[in-house]
Structure formats: structure tokens, C-alpha cells
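# Observations on the model geometry
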Amino acid sequence: MNSTNPALPKKETRCTEILSDTLRGYAGIQEVDYDYTEGRLKAVYDPRLISNERALEVVNHAGREASMRVAQCAAKRERGEEACAECAGELAAQLARQYEAAATLPTATFRKNTLEVRLNAARLATSENVEVEAAFLKPAKAEKKPVQIPVERIEVAFTVLNAMTALTAFIGAGLGWNPALIFGLYFVSYVMGGWFGLMASIEALKEKTLNVDLLMILAALGAAAIGQPAEGATLLFLFSLSNTLQTYAMDRSRKAIEKLLDLRPKQAAVRRGSRLISLPIEQLTLGDVVLVRPGERFPIDGEVISGASDVNQATITGESMPVHKQVNDLVFAGTVNGTGSLEIRVTRLAKDTTLARIVKMVEEAQSTKANTQQMLDTFEQRYAVFVLAAAVLLIFVPWLALGHDFQPTFYRAMTWLVVASPCALVISTPASILSAIANGARNGVLFKGGVHLEKTATLKVLAFDKTGTLTSGKPALTGIHSFGGMKEDEILRLAAALESRSEHPLAKAIVQAAHSQTLSLPPSMEFRAIPGQGVEGMVESHHLWIGNERMFIERDVEIPAEILSRANELQSEGQTAMFVYEVKSQQFLGLLSVADTLREDAVEMIQALKAAGIEHVVMLTGDNAKVAAKIAERAGVDEFHADLLPQDKVTVLKSLQKKYGPVAMVGDGVNDAPSLATADIGIAMGGAGTDVAIETADVVLMSDDLRKIPFSIGLARQARKVVWQNLTFSLSVIVLLVAGAFGAELALPLGVVGHEGSTVLVVLNGLRLLGYK
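Each value, and the rule that gives it
Residues numbered from 1 in each chain as written. Predicted model: local features only at pLDDT ≥ 70, side-chain atom pairs only at ≥ 80, totals over all residues. Heavy atoms only, no water. Patch = residues over 30% accessible without salt bridge, like charges linked within 9 Å, V, L, I, M, F, W, Y side chains within 5 Å. Areas by Shrake-Rupley, 256 points an atom, 1.4 Å probe, with all protein chains shown as cover. Salt bridge = Lys/Arg side-chain N within 4 Å of Asp/Glu carboxyl O. Buried < 20%, exposed > 50% of the residue type's maximum accessible area, 1.4 Å probe, protein only. Helix = DSSP H or I, 4+ residues; strand = E, 2+ residues; numbered from the N terminus. Contact = heavy atoms within 4.5 Å. 1 Å grid on protein atoms, 1.4 Å probe; cavity = no way out; pocket = protein on both sides within 12 Å on 5 of 7 lines; lining within 4 Å. Points joined across faces, edges and corners; volume = space filled by probe spheres on them. Nonpolar A, V, L, I, M, F, W, Y, C, P; charged D, E, K, R; others polar.

Looking now at a nonpolar patch on the surface. Together, Leu167, Phe170, Ile171, Leu175, Trp177 and Leu181 give the surface a local cluster of nonpolar side chains, amounting to about 630 Å² of exposed area. By relative accessible area, which is 60% here, Leu175 ends up exposed.

What follows is about the environment of Ala608. Locating Ala608 in the fold gives a position in helix α21 (residues 602–611). Judged by its relative accessible area of 30%, Ala608 falls in the partly exposed class. Separated by 101 residues in sequence, Ala608 and Ile709 place their C-alpha atoms 9.3 Å apart.

Attention shifts here to the side chain of Ser758. Relative to the helices and strands, Ser758 is located in helix α27 (residues 748–767). According to the relative accessible area criterion, Ser758 is buried, its value standing at 5%. Setting aside chain neighbours within four positions, we find Ser758 in contact with Ala424, Phe729 and Val733.

This part takes up the pattern of salt bridges. Taken as a whole and judged by the stated rule, the model has 14 salt bridges. Residue Arg293 pairs with Glu296 through a salt bridge whose shortest N-O separation is 3.7 Å. You can call Arg293 partly exposed: its relative accessible area is 35%. Of the residues examined, Glu296 reaches a relative accessible area of 30% and is grouped as partly exposed. Between Arg493 and Glu490 there is a salt bridge, and its shortest N-O distance comes to 2.8 Å. With Arg493 and Glu490 both in helix α17 (residues 488–499) and three residues apart, this pair spans about one turn of that helix.

Here the focus is empty space enclosed by the protein. Here the structure, examined in full by the defined rule, presents two cavities of 30 Å³ or more. Here the second largest cavity defines a volume of roughly 30 Å³. Forming the boundary of the second largest cavity are Val419, Ser421, Pro422, Cys423, Ala424, Ser730, Val733, Ile734, Leu737, His755 and Ser758. Listed by contribution, the elements that provide at least two residues to the lining of the second largest cavity are α14 (423–442), α26 (708–743) and α27. The dominant element in the lining of the second largest cavity, judged by the number of residues it contributes, is α26, at four residues. Looking at side-chain class alone, the lining of the second largest cavity contains seven nonpolar, four polar and no charged residues.

Laid out in C-alpha cells, this is it:
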């Protein structure tokens, strides 16, 4: 520091260095100079690690953090403990005022990799310390939020009060209590039992629609009007109880996902220079370094920068086995660290973590209505009008036209209102769909809405992208074949040196093989990649071409028959052959063979799909036909298409849709985006680390576990089965109750029991999908 005031206690130096000390703890900040007396802050940072905007963000964040530390110092002084009082009070106020101003960037100046901020230079008088200190500490304290009682608890309380007052009124009427008291008790009972239904009915009427709640309330009021208040109160009690149980059951499906966020720690151990401090995860910023000890859950998404450990990712990907993590690997909030300590660099803010996005996406999916539910909603409106109109006719036609007594006629019409209401019918679909979506999410399968869940149940064909889906997507070097007298190790050394400049997966396989043999790779010059063909460049004194047969055909270079024959043999075995050619000597040095291996669980998965009723399994690939044929044979698919460009895959999918029916495309969500969009259902694998996959597909598998695909289809089909069970049961109950009301003089309370009982049963049946495996 370049400012020390000898008039203040010696400890003031430590307080005024708080901001500088805090800033030095951030990645990319190299040097900090804070002149308190002049109100000038200079921070030198590495532009390769931190941008101008990020530097300013870090400065503001550090200021807030430093202010909190100063507040703690001031609090110690209040308790009579040793603290530098004058510095604490003044610096607290100064930081608060300075950073409020600095956030608006009025005096921030960037010079190359140096950020200068001219802060408020006015020094506060000692007499203002107490007032300023209090003003600063006030926002530091947590604001008290009003206590909110969950709606579910209010519903339970209203239902209980409804039952108690109705029972008391019924007993009191038998004992001859004052009629005014009896009326008051029944009035309270009706209000408690019908309040939520009345509010829902009013909202529906505002939208010019009718709902089942209105039918129930009218029936209860009708019973009271003909001198049967006890039966009306019973109706409202059972209706309220049914709604409370439904709310609880449906909320259970939603909370099954929301509870995932509870697995995420609220605090994180953040490294600031040599210190570790605990911060709420909402205050973490990109680039912060977080320490996660053995057995702890990761509080944030990040990249491992130090340490190695096995991580249980079941909450995100559904994988049962821990995954080994080391430097440069990604980790996710809510997962569990194993036996090693890890330091991670924050890559996503708390609101953007994979876990938070899963919860948000599932909530959006649960709010998206399935086709069946949309049809039922439309049906409900028309049916409710029919029930209400029929009730009016059932009152006036028998009474006025046929001369029947009013009271039994009116009573029968009220019973009709209850037994004909489609409560169970309407709730049958969302109860099942929500439970299925929640189950899938807990097992690493994200359906992006009820519509996609229903479509998944109808699939006839599954089309797989080969690379990265049926195969591991990580080709390995399988052979080196020399034709010009050069040793195999030398061919590999030269080829790897050139391919090290390429991002192609085949190039990476060659480089990895060279590294595994600890070969020293020389630098390459004049490198050029030729898309779809290969690479060329200079390595030492060699001008090399490395590529496929097309590369040499287009350059009019004839490949010797012996070498071409060997390449064809390799390709017939499912391997990709790359020719290594030396331009100066016009000589083929050799062949490199690379193969992408089939996933271990691919064969088992395809067999499971066929057992589940999938009629046709197809493989699509841009690879050559010989390689594709070999992989297809080993995997056991029914059909394959090779040498496909992205637009060709779309054409194939459309032809499959015409021939077989609904088709799903399974890919990685990146280069398969057109195919995923064309298919009836797009299924993306490995969504835990791929933003594109989550955005593109209709169904996202959070891991690369192929067994999740048969699980997804099985879950969707079971959900469809449960929905049809509920619909059939609901319609059957309505028919039986209506027949009972007119053929057997069914009492209103019995009609209520049958109506509400069927509603609860279909909800409970839908909840069974939470346990599907």
C-alpha cells in the first residue's frame, strides 16, 4: 500500500488493505493498489484470463465482500473486543458509497490490462462513524420476510373446520338447539368447504368458462335450498377433502423434482488467495475457485483444476456407478464427491447450473399439456354446459310439464349435478403425466412436455446416429502398415506431428497413440486441413499428405494396387484407412487404420428395444458403407444407411416415417440437430454437458447410458396405459352413478362418495408411475 496515516492506530493498515487483499484472491488479478486517502483503485490483470467487463465485475464483487469483513470488525468493537474502531467505521462507509458509485462506471478507465477506478475521495469525519456504521450494517442483515402459510395447509384447515362445524350443526339440530345457531354453523361449514371452489369458479367465469367446482357448489346450495343442509355440507366436505388429497398428490410429483435443489449445498468454500471463506452459492461468480472435500456435495457446476476423485453423479445422469474426475473434467452441482479433495473453477452461476436447468425444464414440461389432456380440457367445457343445462331441464320439465313434486325433482337434479361431473375424467391425465415426467427426471431422462411423453409411447422406429451413439465416439488407432521401408514408429511420429494441428477425432486418435508410446513430436509447418479428405503440411524435411482415397483421386495421384487392396481389407473389417504420402519422393509411406468401437451395451439395448415392441432399428452414418456394414452387423440393427450428409439423414427419416410410422432419432444433439428436429421424437444423449442437446431435443438423456432409451420408451408406454386405465374407470363410474341416480334413487351423499372416491383413486393410480423401474 502507498498510504499509511500515522495519526491512526497501527492496526488501520490491515483494515485499509482489506480491499486489496480480497481482490488478489481472484483468478487473473495480478496486482492491486488501493489508495484510500485519494480514493483511487488500480488493478492489473491478465487479459488472457479475464476481460475488461469481468475485471470490473470482480472489483465490485470484491468491494461488497470487503465491506462485509469490515462490518464484522465493527461488530467486534461493539462487543468490546479488540478492533481498529476508527478504520472500521470509516472504511465500511467509504466502501459502501464508493462501490455503489463504481457500479455505474462513471470513472472507470481501462489502459491495456490495467483497470483504474476513481472512487469517492472524501474522507469522513470521526463524528459520523456511528451513524454511517449503522447505515452500512443495516443492509448487511438479512431482511425479514413475511411468513407465508402453504396453500395446502390452509386447504386442510378449511376442510377440518368444514367437517367440525357441519357435524356440530347436525348434532345440535338433533338436540333442538337454537335454529339461528344451527344456521350459523352450517353457514361457516359451507364457506369453509366451498371457499377454494368458489374462487376457482369466479376465475373461470371471468374467462367465460365453466368448471366442475361450480357444479359442486350449485349442488350444495341446491341441497340447502330444499331443507337438506347436512347433505350439502357433506358434499362440500368430501369435495374439499378430495381436492386437498389431489393437491397433495400432484404436489408430491412436482416436489419430487424440486427436492433435487435441496441436495445442493447453500454455502461454498471459496479460495481467496491463501484463505478459504464461506459464501452463499448465489454470490459465486464465474472463475471463482471452490474447494470440495471428500464426501461433500458440489455446490456449483465447475471444471476440476486440482485433484482427482470418483464422483457419484446419479442425481444428474442417473448413473449407478461413480465417475472418475480429474483435471479439466466437468462436475455438476448436487453430485457427491468421493474420497479425494477437488478444487474446481466455477463455470456456471447458481441459477444456470445443470441441476437448476433440469428443475426449470421439468417444471415447464409439467405445465405443458399432453394432447389427451388438451382434448379433455375442451371436452370439460362443453360437458359442463351440458350437465348444467340438463340439470335445469331435470328440474322444470318433470315439475312443470309432468306435474311431479318439486322437492324430489330438485333433489334428483342436484344428485345429477354431482354424479355426472367429470372430475375424475379431467384429472386422470395430468396425474399420470406429471408422475411419469418426474420419474424420468429422477432417473436422468428429461421429457420436455406431456406431448413428447405421449409421442414416445407410439414409436415404431428408432434411428441411431452411429458415431458417439452406438459407438463410443472415440476412435482408436488399430494398426500401422509400412510400405516404403520406414519403421512403423517413425511413420506414427511424423503423422502424429502433423495431425496434432487437427481437431478431427481420427487425428486425435493418432496423436493419442503417439503419446502412449512416449514419442517426441516435432513441430509441423504450413499445415492445412482439407474437409472430407485429410491434412497436409511440413514435418521436418517431409512434405506429407495424410488422408482418405478421395484426397488422392482429386489430386490425380494413383494409389498402388497392393496398398489399395490392403486399405479395402481394413475397411471391410469396419476400420478407416488413412494413406500417408511423402510428396517430394512421391512415395506412399504406409497406412494408418483407425476404428470406432461399438459400445458394450449397444447390442443389449437393441435387443431390449425389440422386446419392448420397436418394429425397426436403423443406423445412420456419414461413414463409408463398408465400415457402416460391419458396425451394423455387430450391433444387430435391421437397416443402415451410409455416406450420409446431414440433409441426407433428414431424407431417410422422412422415408421411414412414411413406411413405418412414428420415428425417433437418437443423436448427440450437436451435428444431428436437423435430424432431431425432423423426427417425431428427437432424443439427445449426454445432455449433462451439452447445452445444445438440452435445447434441441424433445427427450434428453443426461448420461451416455444406452439403457435409458428402453427405459424411456417403457415409461412412456406405461404412462399411456395408466392414462387409459384412468379414463376407462372414470367413464365407467360416471355411467354407473348416473344410472343409480335415476334407476335406484341414489342418495346425494352416496353420489358424492362415488364421485370423489373415483377422483382420488385415479390420482393415486397415476402416482404409481413415480415408482416405475
